[in-house]
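# Working through the structure, step by step
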Amino acid sequence: PSAKQWVIGGQWAQSFKIKMIIGLGNPRGVQLWTVKTASKTLSSENVSVPAGKFTALKVAQTIDLELVTQDDTTPMKSTETTIAWYARGIGVVKSSSGKFTSMLTDFVKP
């Protein structure tokens, strides 16, 4: 998103498609993914993760996934809600979705 959207209350949406070819033999499996995200910056928070302490923007994201496989034309759909904390100049330092949480453990500044 643009810099204007990286403020508390900022919102943005993205969508993209992914085509995956699975396997090396014949026939190969093909998966067609449609991904749509809606994001909103909720607050600024201090976050501690194994890589250190960061001031980060807390962003709520809703991700709509649709999958169609080569063998089945009925789409499989799911919606995921995540919270991610973004530190300036680094990116995601923590992410939480349901039962799963991931945290940055190390990084090297270029």
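Residues numbered from 1 in each chain as written. Predicted model: local features only at pLDDT ≥ 70, side-chain atom pairs only at ≥ 80, totals over all residues. Heavy atoms only, no water.

## Things to note about the overall build of the protein
Counting secondary structure elements, the protein contains 0 helices and 6 strands. The N-to-C order of helical and strand elements in the protein reads β-β-β-β-β-β. Here the protein has a C-alpha radius of gyration of 17 Å; the compact-globule value for 110 residues is 13 Å, and the former is much larger. If you line up the protein on its principal axes, its C-alpha atoms span 50 × 30 × 30 Å. Here the protein, with 110 residues, has 23% of them falling under the buried criterion. Taking the intrachain contacts of the protein between residues at least 6 apart in sequence as the baseline, contacts between residues at least 24 apart amount to 43%. If you sum the accessible surface of the protein, you get close to 7,800 Å²; carbon and sulfur atoms cover 55% of it. (Helix = DSSP H or I, 4+ residues; strand = E, 2+ residues; numbered from the N terminus. Rg over C-alpha atoms; globule rule 2.2 N^0.38 Å. Buried < 20%, exposed > 50% of the residue type's maximum accessible area, 1.4 Å probe, protein only. Contact = heavy atoms within 4.5 Å. Areas by Shrake-Rupley, 256 points an atom, 1.4 Å probe, with all protein chains shown as cover.)

## A short note on a nonpolar patch on the surface
Side chains of Phe-16, Ile-18, Met-20 and Ile-22 sit close together on the surface and give an oily, nonpolar patch of about 320 Å² of accessible area. Note on placement: Phe-16 falls in strand β1 (residues 11–22). By relative accessible area, Phe-16 is classed as partly exposed at 40%. (Patch = residues over 30% accessible without salt bridge, like charges linked within 9 Å, V, L, I, M, F, W, Y side chains within 5 Å. Salt bridge = Lys/Arg side-chain N within 4 Å of Asp/Glu carboxyl O.)

## Some words on the pairing of strand β5 (residues 91–97)
The side chains of a regular strand alternate between the sheet's two faces. Where strand β4 (residues 72–87) and β5 come together, 5 bridges link them in antiparallel fashion. Residue pairing across strands places Ile-83 opposite Ser-96, the latter belonging to β5. What sits between β4 and β5 in their antiparallel hairpin is a turn of 3 residues, with Gly-89 showing a positive phi close to 80 degrees. Of the pairings in the sheet, the one linking β5 to strand β6 (residues 100–103) comprises 4 bridges and is antiparallel in character. Bridge pairing in β6 links Ser-97 to Phe-100. Following β5, the chain reverses through 2 residues before pairing antiparallel with β6; Gly-98 in that reversal takes a positive phi of roughly 60 degrees. (Pairing = 2+ DSSP bridges.)

## Here's the deal with the nonpolar core
If you look at the biggest cluster of nonpolar residues, it comprises 8 residues: Val-47, Val-49, Phe-54, Ala-56, Trp-85, Ala-87, Val-93 and Leu-104. Contacts of Phe-54, omitting those with residues within four sequence positions, involve Glu-45, Asn-46, Val-47, Val-49, Ala-87, Ile-90, Val-93, Leu-104 and Phe-107. (Core = buried A, V, L, I, M, F, W, Y, C linked by side-chain atoms within 4.5 Å.)

## A look at the pairing of strand β3 (residues 52–69)
Here strand β2 (residues 29–49) pairs with β3 via 18 bridges, running antiparallel. The partner of Val-49 across the bridge, within β3, is Gly-52. Hairpin geometry of β2 and β3 is characterised by an intervening segment of 2 residues between the two adjacent antiparallel strands. Where β3 and β4 come together, 13 bridges link them in antiparallel fashion. Within the sheet, the bridge partner assigned to Asp-64 lies in β4 and is Thr-79. Two successive antiparallel strands, β3 and β4, enclose a turn made up of 2 residues.

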